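Letter by letter, the chains look like this.
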Amino acid sequence: MGNQSDRCGLILNANPQTANPDALIETVNTGLIASCILYQGDSFDTEFDEYCQAVVPALQEYGTAVLIADDTRLVGRNAADGIFLEKNRSQAVEMVKRVFPDHIVGCGGFKDRHGALETGEAKPDFGF
């Protein structure tokens, strides 16, 4: 069996309604999670900000890259590793220019091939 660095890591999606901070940190502690995208879900702005404050540094301690979906303010305020654009994929070009190479820019939620190709032209770090 290969060592830890030979393995592919998983991307975990989480929000305050689906993963309490302790469970999320315990999951990342397994060493299988390469990155985690935090979504606001149905939580209020303050609740999501508190959630990010609680989990971002803890997840990063385990070497997990943390991206926050669609909110650049929370990326900066919580020292996250990047942003994941799903609702605002049209901002991908601007975001790549603004934050690359200091932060990761990911995009997702594509409805069709054309949308994925169009967003790919902005050259985000990844998309799915």
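In this report, the structure presented in the accompanying data block is examined.

## Re the overall build of the chain
- The helix and strand tally for the chain stands at five helices and six strands.
- Secondary structure of the chain in N-to-C order comes out as β-α-β-α-β-α-β-α-β-α-β.
- Scaling as 2.2 N^0.38, a compact globule of 128 residues should have a C-alpha radius of gyration of about 14 Å, and the chain matches this with 15 Å.
- If you line up the chain on its principal axes, its C-alpha atoms span 45 × 35 × 25 Å.
- Per-residue burial over the chain gives 38% buried out of 128 residues.
- Long-range contacts, defined here as pairs at least 24 residues apart, represent 45% of the contacts in the chain between residues at least 6 apart.
- Entry remark: accessible area of the chain is about 7,700 Å², with carbon and sulfur atoms responsible for 50%.
- Where the 10 positive side-chain charges of the chain centre and where its 19 negative ones centre are 8 Å apart.

## Things to note about the packing of aromatic side chains
- Under the definition given, this model contains four aromatic pairs.
- Seen from their ring centres, Tyr39 and Phe84 are 6.3 Å apart, and the 75° between their planes marks the pair as edge-to-face. Taken together, the positions of Tyr39 in the loop between β2 (33-38) and α2 (45-61) and Phe84 in strand β4 (residues 82-85) put the pair 45 residues apart, joining distant regions of the chain. Taken as a pair, Tyr39 and Phe84 share a single burial class, namely buried.
- Geometrically, the ring pair formed by Phe84 and Phe128 is stacked, given 5.3 Å between the ring centres and 25° between the ring planes. Note that Phe84 is positioned in strand β4 and Phe128 in the segment after β6 (126-127), a separation of 44 residues in sequence.
- The class of Phe84 is buried, set by a relative accessible area of 0%.
- You can call Phe128 partly exposed: its relative accessible area is 43%.

## Examining α2
- Here α2 contains 17 residues, and its C-alpha end-to-end distance of 25 Å stays within 8% of the 24 Å for a straight helix at 1.5 Å per residue.
- Considering bend angle alone, the principal kink of α2 is centred on Val55 and spans about 25°; proline Pro57 follows within four residues of it.
- Buried residues of α2: Phe48, Asp49, Tyr51, Cys52, Val55, Val56, Ala58 and Leu59, and no others.
- Against β1 (10-14), α1 (21-28), β2, β3 (65-69) and α3 (72-77) lie the buried residues of α2.

## Some thoughts on the pairing of β4
- Burial along β4 is two-sided: the residues Gly82 and Phe84 and Ile83 and Leu85 are all buried.
- Summarising the sheet, β3 and β4 pair through three bridges and their orientation is parallel. Its bridge partner lying in β4, Leu67 is registered against Gly82.
- Handedness of the crossover joining β3 and β4 through α3 is recorded here as right-handed.
- Relative to strand β5 (residues 104-107), β4 is paired through four bridges, and the arrangement is parallel. Bridge pairing in β5 links Gly82 to Ile104.
- Read as a crossover between parallel neighbours, the route from β4 over helix α4 (residues 92-99) to β5 is right-handed.

## So, the nonpolar core
- Leu24, Leu38, Tyr51 and Leu59 are the most contacted members of the largest nonpolar core, which totals 29 residues.
- For this core, the elements supplying multiple residues, two or more each, are α1, β2, α2, β3, α3, β4, α4 and β5.
- The dominant element in this core, judged by the number of residues it contributes, is α2, at seven residues.
- Counting residues in each nonpolar core, the second largest holds five residues, with Ile37, Tyr39, Leu67 and Phe84 among its members.

Conventions adopted
Residues numbered from 1 in each chain as written. Predicted model: local features only at pLDDT ≥ 70, side-chain atom pairs only at ≥ 80, totals over all residues. Heavy atoms only, no water. Helix = DSSP H or I, 4+ residues; strand = E, 2+ residues; numbered from the N terminus. Rg over C-alpha atoms; globule rule 2.2 N^0.38 Å. Buried < 20%, exposed > 50% of the residue type's maximum accessible area, 1.4 Å probe, protein only. Contact = heavy atoms within 4.5 Å. Areas by Shrake-Rupley, 256 points an atom, 1.4 Å probe, with all protein chains shown as cover. Lys, Arg positive; Asp, Glu negative; His and termini not counted. Charge placed at Lys NZ, Arg CZ, Asp CG, Glu CD. Phe/Tyr/Trp six-rings, centres within 6.5 Å; stacked < 30°, edge-to-face > 60°. Expected span 1.5 Å × (residues − 1). Bend = angle between axes of the 7 residues up to and from the residue. Pairing = 2+ DSSP bridges. Right-handed = clockwise from strand over helix to strand, strands pointing away. Core = buried A, V, L, I, M, F, W, Y, C linked by side-chain atoms within 4.5 Å.

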